[in-house]
Amino acid sequence: MGLLSDPNRRRALTKLLTRLNAPICVMCYLAGVAWFMGLAFEPFTLRTYMSENAMGSTMVEERFPAGERALATGREFAAHKKKVGGMPVDWLVKTMQSRGLEVFTQSFTRKLPFPDENKERYMVRGTNVYGILRAPRAPRTEALVLSAPCSEGNNNNQAVGLLLGLAQYFRSQIHWAKDIIFLVNEHDLIGMQAWLEGYHHTNTTGGDWSPLQGRGGSIQAALSLELSSDVITSLDLVLEGLNGQLPNLDLANLFYAFCQKIGVLCTIQGKLQRNDWDTTSGYSHAAQTMMLMVLKQASGRPWGDHGLFLRYHIEAASIRGINSFRQYKTDTTTIGRLLEGMYRKLNNLLERLHQSYFFYLMPSLSRFVSIGYYMPAFGLLAVILLLRALDLWVQLGASPPGTEDGVAGGEQPSSPGVLSILTPVVISHMTGVALYTLPILSQEMAVQHFPVSETEAVVLTAIAIYTAGLALPHNTHRLLQGEGTEEGWRVLKLVALLYLAVLLGCTALINFSLGFILALSLVPIAAFITPHTPKALSAAIMVLLSPGCTLLYCVFLFQELQETPVSLQDGWMLFLSVISQGILDHALYGSLVYPLLALLIYPCWLLLWNILFWK
């Protein structure tokens, strides 16, 4: 406190921060990037461990014997699905009833805001079928869910067969203390969203669905099963849910523990765990796995049916069977025993999973990075914005040249008016509102006047508004008062820096991956852009580091990390598809990434663009 209360010391500290501001900012940026990349190095991570005492031991004897019968049921399900051209509702109801379940159906209808060309659907109608195995040893106040989506073609037939086989086997057991709900949902996420809204008596997305006639207890945990082959080489665990939410780490630990016990090859992000962490290739493998998780989490979309459970505080994950060219093979009976063991352990829970981490990154299934380890990487980037804001505040508070003791020796320079600062802020945000609302509202008019489909009209309208925004707020400070002042751009930049710092900080608290990626691209231009830098070079750098280009880089990086590189043309088409899917995810499931970018991040970037062309 003495340092701040003493005027001489305060003045010396101010001069030091002003003089070394740029070098400190550069060092913080490099340190933040280095810190993040170091998180994949095994000595800097923590080994996973079970925090929930009720699931601490895997001393469960798994006896599921009916793998071949489950595959036969899956083939029968596929035949009926092909016969009716969709979900065989009547056959599923009869089959579940024959296994002793209380069976119910739910019909739903959903009209998309524009056609989903990836899955070729616009007006979606479907039916969910679910059966409830009532708990024989408890008051039926809690429940577990096992789901399998009814996919098109020959996909996921084996998962439905295994689900029905487990239902029959679980019916013969007497130790269940929770209701177990076996759900077959149609149209993947849309059907799952309708079922969850019906189960919890909510309607947050405007869907049309029939009320559920049967309910179990409060859902404690859920697993979504995806199997499309009779023989599986490995099981991949999918954790990323809506808006970057993750399930409690104990659920991932439980899956990994039973895979180790039963001898099933398990992966995360489709990548096996390696033990040579002290080699360059071992570190590169762990870094790629962690960066894939960061990119998936930053997208904000649910990467499996489990992703929608998380918004209801239900811990859930998807288990996806992979059939590759590996020599290791796993049969359906083994997978059934793994699921039996997991549900036996979840059945022992006395309360919801809460003792382990909810915020983490995983370079492998046996190691994790907690929030206390990865947040400093973001903090080092965010502090740059505060240092630059402090530098601007000091410059604005300094006495003008030619003054003595704060008394002007000549004519004072004019102070910036409120309107000259408020005008670019308002216009930038109006451009963001247009980017958020007009693509969907104007699709019919675009289709009538141009030879494009509805989906192309939405995406191209969004790109057109995004590009037009570069010219619309240009020199908006001159709209009311003519020439802008030197102090004007400093005040506007101070506002933009603090605004961006708050935006990125709040985003990182909810979705670290999204906040960190945005900070990587936006912090450098926010820190060093001024009207006195070379216009052409600075404008090119700002465009290359804009939110839209950052999204394009992430598309190419994601394909590279998945070892499926694409050409420039294919990458551009994927980029357009990502934009349309982002808008659809927001309309259908409530993803927040598109409104965040359109209404907040893009207008903030436009403020920095305005500062560059300040006159």
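How each quantity is defined
In this numbering scheme, every chain counts its residues from 1 along its sequence in written order. Where totals are concerned, whole chains, interfaces and linings use all residues; where local detail is concerned, this predicted model gives features only for residues with pLDDT of at least 70, and gives and counts side-chain atom pairs only at 80 or more. The side-chain numbers reported here are obtained from all heavy atoms of the structure, hydrogens and water having been left aside. UniProt positions are given in the numbering used here, feature names are shortened, and annotations may be inferred rather than shown by experiment. Put simply, DSSP marks the helices as runs of H or I at least four residues long and the strands as runs of E at least two long, and each gets a number from the N terminus on. Like charges within 9 Å and nonpolar side chains (Val, Leu, Ile, Met, Phe, Trp, Tyr) within 5 Å are joined into patches, using only residues over 30% in relative accessible area that form no salt bridge. The accessible surface values rely on the Shrake-Rupley method and a 1.4 Å probe; as for residues, cover is taken only from the protein chains in view. We count a salt bridge whenever a side-chain nitrogen from Lys or Arg sits within 4 Å of a carboxyl oxygen from Asp or Glu. Domain segmentation is taken from an automatic or database assignment of domains. A contact between two residues is defined here by any heavy atoms of the two lying within 4.5 Å. By buried area we mean the combined loss of accessible area, with a 1.4 Å probe, across both parts when two parts are placed together. By the criterion applied in these results, polar contacts are pairs of N or O atoms within 3.5 Å in which, for protein atoms, one can donate a hydrogen and the other can accept it, and in which residues neighboring in sequence qualify only through two side-chain atoms. Gly counts as polar in this scheme, as do all residues outside two lists: the nonpolar Ala, Val, Leu, Ile, Met, Phe, Trp, Tyr, Cys and Pro, and the charged Asp, Glu, Lys and Arg. Exposure is judged per residue with a 1.4 Å probe applied to protein chains only, and the accessible area is read against the type maximum: over 50% gives exposed, under 20% gives buried, and values in between give partly exposed. Two strands pair under a simple rule: DSSP has to find at least two bridges between them.

As recorded in an unreviewed UniProt entry, the chain goes by GPI-anchor transamidase component GPAA1 and comes from Salmo salar. The heading Subcellular location (unreviewed entry) in the UniProt record of the chain holds the text "Endoplasmic reticulum membrane". Under Subunit (unreviewed entry), UniProt gives the following word-for-word description of the chain: "Heteropentamer. Part of the GPI-anchor transamidase complex, consisting of PIGK, PIGT, PIGS, PIGU and GAA1. Interacts with PIGK."

### Things to note about the environment of Ala34
Here Ala34 is to be found in helix H3 (residues 21–38). Sequence separation between Ala34 and Leu385 is 351 residues, and the spatial gap between their C-alpha atoms is 18 Å.

### Details of a nonpolar patch on the surface
Residues Val418, Leu419, Leu422, Val426 and Met430 make up a contiguous nonpolar surface patch of roughly 480 Å² in combined accessible area. Here Leu419 shows up in helix H12 (residues 418–441).

### Some thoughts on the domain arrangement of the chain
When cut into domains, the chain gives domain 1 (59–354) and domain 2 (417–611). Here the C-alpha centroids of domain 1 and domain 2 sit 36 Å apart. Each side of the interface is counted separately: domain 1 has 31 residues, and domain 2 has 30 residues. Between domain 1 and domain 2 lies a buried interface of about 2,700 Å² when both sides are counted; carbon and sulfur atoms form 62% of it. When residues of domain 1 are sorted by the area they lose upon contact with domain 2, Phe114, Asn243 and Leu295 head the list and together hold 26% of the total. Between the two partners, domain 1 and domain 2, sit two salt bridges. Here Asp585 makes a salt bridge to Arg301, at a shortest N to O gap of 3.4 Å. In this assembly, domain 1 and domain 2 are joined by eleven residue pairs in polar contact (both at pLDDT 80 or more). Of all the secondary-structure elements, those providing two or more residues to the side of domain 1 that touches domain 2 are strand S2 (102–116), helix H7 (188–199) and helix H9 (280–299). With nine residues, the single largest contributor to the side of domain 1 that touches domain 2 is H9. Of the residues assigned to the side of domain 1 that touches domain 2, the class counts are 14 nonpolar, nine polar and eight charged.

### A short note on the environment of Leu435
In this fold, Leu435 is placed in helix H12. For Leu435, a relative accessible area of 7% corresponds to the buried category. Separated by 160 residues in sequence, Leu435 and Pro595 have C-alpha atoms that sit 9.2 Å apart. Residues contacting Leu435, with those up to four places away along its chain left out, are Ala462, Ile465, Tyr466, Tyr594, Ala598 and Tyr602.

### A short note on the sheet that holds strand S12 (residues 367–370)
Read from one edge to the other, the open sheet built from three strands follows the order S1-S12-S11, with strand pairing classed as antiparallel. This sheet does not close on itself; its edge strands, each paired only once, are strand S1 (46–47) and strand S11 (360–364). By the bridge criterion, three bridges tie S11 to S12 in an arrangement that is antiparallel. In the sheet register, Ser364 faces S12, and the bridge partner there is Arg367.

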